[in-house]
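One-letter residues, chain by chain:
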Amino acid sequence: MDVNAAVAALAAIAGACTGVIAMLAFRWSERDQARPSRSSLHTEAGLPPGVDTVLSVLRSSAVVLDESDSVVKASSAAYALGLVRGGKLAVDPMLHMARDTRRDGEIRQVELDLPRRGTGRGEALAVSARVAPLGSRLVLLLVEDLTEARRIEAVRRDFVANVSHELKTPTGALSLLSEAVMDASDDPEAVHRFAGRMQIEATRLTNLVQELIDLSRVQNDDPLEDAEPVRVEELVAEAIDRSRHAASTKQITMAAGGAADLRVWGNRGQLAAALGNLVENAVNYSPARTRVGIAARRVTEPGGERIEIAVTDQGIGISEKDRERVFERFYRVDPARSRATGGTGLGLAIVKHVAASHGGEVTLWSSEGQGSTFTLRLPEAGAARDRTPTGPDDAAQRRYDHDVNDLDPSNEIPAPEVLP
């Protein structure tokens, strides 16, 4: 009886202990569940309702910081710009702005130049940073990339400066020459000489204004609104006729080949101006008694058939450092020579814009002392030839592959007699 009572007492004690342990375990589990984890703290310190949606549609890079300067929210653009690294704001000036704004609640804005990540060339990234308080504990940082806007502004500023300089040169010369004519009114020979110079400067001024108008048109107009099939043979003949007088003066022979039965799709006036500029440049930069060749061919590309028109000269060539810039407005490889030939520095810029607006491109091959080849590549007109394209036309290919000096004499367009 005593043994049974002792066993019952031990069993009661064991049950009581088990119950106590179970209760403690349950309380401990509740405490663990209620304890804020790192992720739950991040969630509780999250954005106010609706702010996340607003930030997702902003064009600016957005970063939200909490009271410990940790990143609560950052857009993908912020990571791309290198603003956020390892969950922290990586730009010290912006971090200082955020701390000051958190302290006094004032909105701050500043423009900064940041190093561009991964280039190693010292290129600066221009940004505008604006910091504002977001609620009682958070700070919102909005960063706008101004790099492209600054580049465009610099291009416009340089363009205005270049235009002003180019216009000032002939107008200043006309002013001085007119004074010289007045002072030499009693010397017919001097008046005749000065009047001739005035005509040259007036022509240069007229050409510059006209090319500025042409450049504005090709930049602003849609050439495909008035697009039509244009015969390459006619474009080549018009370009050669445009430079015929200059070529005859320097005894330069112009030869054409491979343009028969080829058509391109686009604005006839703009295409004629582009090809005319290429031929004119080739003549102006070629020595006397040399040859300028214009060759055309059809090439097959994945996007469809295209027409290549290559203009080759035997001139001074273009150095490697200048090849990337020759299509810039007002850029001249040899400024003194350009002014001597009346060049404005806009011809190749017009060619580039015409090619791009027609869905094509212009490329350059050159070797100093040997000459240059500018190739205008344009889409072929769909109605040019009803056939299944299997490759370049054999005859056109052969004519194109001939060296300029070996072109068929029947295709040569001889220069007229040299004027006295």
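Preceding this section is the structure that the text describes.
Conventions used here
Residues numbered from 1 in each chain as written. Predicted model: local features only at pLDDT ≥ 70, side-chain atom pairs only at ≥ 80, totals over all residues. Heavy atoms only, no water. Pairing = 2+ DSSP bridges. Helix = DSSP H or I, 4+ residues; strand = E, 2+ residues; numbered from the N terminus. Axes fitted to C-alpha atoms, helices over the stretch in contact; angles between N-to-C directions. Expected span 1.5 Å × (residues − 1). Buried < 20%, exposed > 50% of the residue type's maximum accessible area, 1.4 Å probe, protein only. Core = buried A, V, L, I, M, F, W, Y, C linked by side-chain atoms within 4.5 Å. Contact = heavy atoms within 4.5 Å. 1 Å grid on protein atoms, 1.4 Å probe; cavity = no way out; pocket = protein on both sides within 12 Å on 5 of 7 lines; lining within 4 Å. Points joined across faces, edges and corners; volume = space filled by probe spheres on them. Phe/Tyr/Trp six-rings, centres within 6.5 Å; stacked < 30°, edge-to-face > 60°. Lys NZ or Arg CZ within 6 Å of the ring centre and 35° of its normal. Parallel < 35°, antiparallel > 145°, perpendicular 65-115°, else oblique. Left-handed = near helix turned anticlockwise from the far one by under 90°. Nonpolar A, V, L, I, M, F, W, Y, C, P; charged D, E, K, R; others polar. Salt bridge = Lys/Arg side-chain N within 4 Å of Asp/Glu carboxyl O. Polar contact = N/O pair within 3.5 Å; in protein donor to acceptor, adjacent residues only side chain to side chain. Arc of directions from axis to C-beta.

A. Local environment of the sheet that holds strand β6 (residues 124–134). In spatial order, the strands read β2-β1-β7-β6-β5; together these 5 strands make up an open sheet with antiparallel pairing. The outermost strands of the open sheet, each flanked by one partner alone, are β2 (71–74) and β5 (108–115). Here the strands of the sheet are splayed against their neighbours by 25 degrees on average, with no regard to which way each runs. Relative to strand β7 (residues 138–145), strand β1 (residues 61–65) runs antiparallel, the two sharing 5 bridges.

B. Region of interest: helix α6 (residues 147–183). For α6, spanning 37 residues, the distance from its first C-alpha to its last is 54 Å, which sits close to the expected 54 Å at 1.5 Å a residue. Listed in full, the buried residues belonging to α6 are Thr147, Val163, Glu166, Pro170, Ala173, Leu177 and Ala180.

C. Focus on the nonpolar core. Ranked by internal contacts, the top residues of the largest apolar core, which has 46 residues, are Val232, Val236, Val264, Val292, Ile294 and Val311. Looking at this core, the elements with two or more residues in it are α7 (188–220), α8 (232–242), β9 (253–257), α10 (268–284), β11 (291–301), β12 (304–312), α13 (347–357) and β14 (371–379). Per element, the largest residue contribution to this core is 8 residues, and it comes from α10. For Val264, the contacting residues outside a window of four places in its chain are Glu228, Pro229, Val230, Val232, Leu235, Leu271, Ile307, Leu378, Pro379, Glu380 and Ala381. Within the second largest apolar cluster, 23 residues are counted, among which are Leu81, Val139, Leu141 and Val143.

D. Fine view of the environment of Val218. With respect to the secondary-structure elements, Val218 resides in helix α7. Considered as a pair, Val218 and Ala356 are 138 residues apart in the sequence and their alpha carbons are 9.7 Å apart. Beyond its immediate chain neighbours, meaning those up to four positions away, Val218 contacts Gln270, His353 and Val354.

E. Spotlight on the layout of surface pockets. In this structure, the second largest pocket spans a volume of roughly 400 Å³. Around the second largest pocket sit 15 residues that line it, and Arg151, Val155, Phe327, Glu328 and Arg329 are the ones nearest its centre. Those elements giving two or more residues to the lining of the second largest pocket turn out to be α6 and α13. Element by element, the count of residues in the lining of the second largest pocket is highest for α6, at 5 residues.

F. Molecular detail of the packing of aromatic side chains. Under the criterion given, the structure shown has 1 aromatic pair. Ring centres 6.1 Å apart and planes at 85 degrees place the aromatic pair Phe327 and Phe374 in the edge-to-face group. A residue pair is termed long-range when its members are at least 10 positions apart, and Phe327 in the loop between α11 (320–323) and α12 (335–340) and Phe374 in strand β14 qualify at 47 residues. In this structure, Phe327 and Phe374 share a single accessibility class: buried. For Arg193, the ring lying beneath its charged end belongs to Phe194, and the centroid distance is 5.1 Å.

G. Spotlight on the packing of α10 against α13. Two elements in contact, α10 and α13, have axes whose closest approach is 9 Å; the angle formed by their N-to-C orientations is 140 degrees. As judged from the angle between their axes, α10 and α13 are oblique. Two packed elements cross with a definite hand, and for α10 against α13 that hand is left-handed. Together, Gln270, Leu271, Ala274, Asn277, Leu278 and Asn281 of α10 and Gly347, Leu348, Ile350, Val351, Val354 and Ser357 of α13 make up the contact between the two elements. Tallied by class, residues from the contact of α10 with α13 come to 7 nonpolar, 5 polar and no charged.

H. Inspection of the pattern of salt bridges at higher detail. Applying the stated criterion to the full structure yields 25 salt bridges. Two residues, Arg204 and Glu201, come together in a salt bridge whose shortest N-O distance is 4.0 Å. Taken together, the residues span about one helical turn, with Arg204 and Glu201 both in helix α7 at a distance of 3 residues. For Arg204, a relative accessible area of 21% puts it in the partly exposed group. Shared partners join several salt bridges into a network, and the residues in it are Arg297, Glu301, Arg306, Glu308, Glu361 and Arg377.

I. Representation of the side chain of Ser286 within the structure. With respect to the helices and strands, the residue Ser286 is situated in the loop between α10 and β11. Take Ser286: its relative accessible area is 0%, and that puts it in the buried class. Polar contacts involving the side chain of Ser286 include one to the main-chain carbonyl oxygen of Ala282, which spans 2.4 Å.

J. Structural context of the pairing of β2. As paired strands, β1 and β2 are joined by 3 bridges and run antiparallel to one another. Each residue of the ladder has a partner; that of Leu65, found in β2, is Val71. Counting the residues in the hairpin turn of β1 and β2 gives 5 residues, including Asp69, whose phi is positive at 65 degrees.

K. Main features of the pairing of β6. In terms of residue burial, β6 counts as a mostly covered element, since 8 of its 11 residues are buried. Examined bridge by bridge, β6 and β7 share 8 bridges and lie antiparallel to one another. The residue bridging Val131 from the neighbouring strand is Leu141, located in β7. Between β6 and β7, which pair antiparallel in sequence order, lie 3 residues; one of them, Gly135, sits at a positive phi of approximately 80 degrees.

L. Structural view of helix α5 (residues 92–104). Helix length check: α5, at 13 residues, gives a terminal C-alpha distance of 19 Å against a target of 18 Å (1.5 Å per residue), a fit within 8%. Listing the buried residues of α5 in full gives Met94, Leu95, Met97, Ala98 and Thr101. Projected down its long axis, α5 shows its buried positions confined to an angular sector of 160 degrees, all on one face. Contacts from the buried residues of α5 go to β1, β4 (88–89), β5, β6 and β7. Positive phi shows up at Gly105, right after α5, with a value of about 75 degrees.

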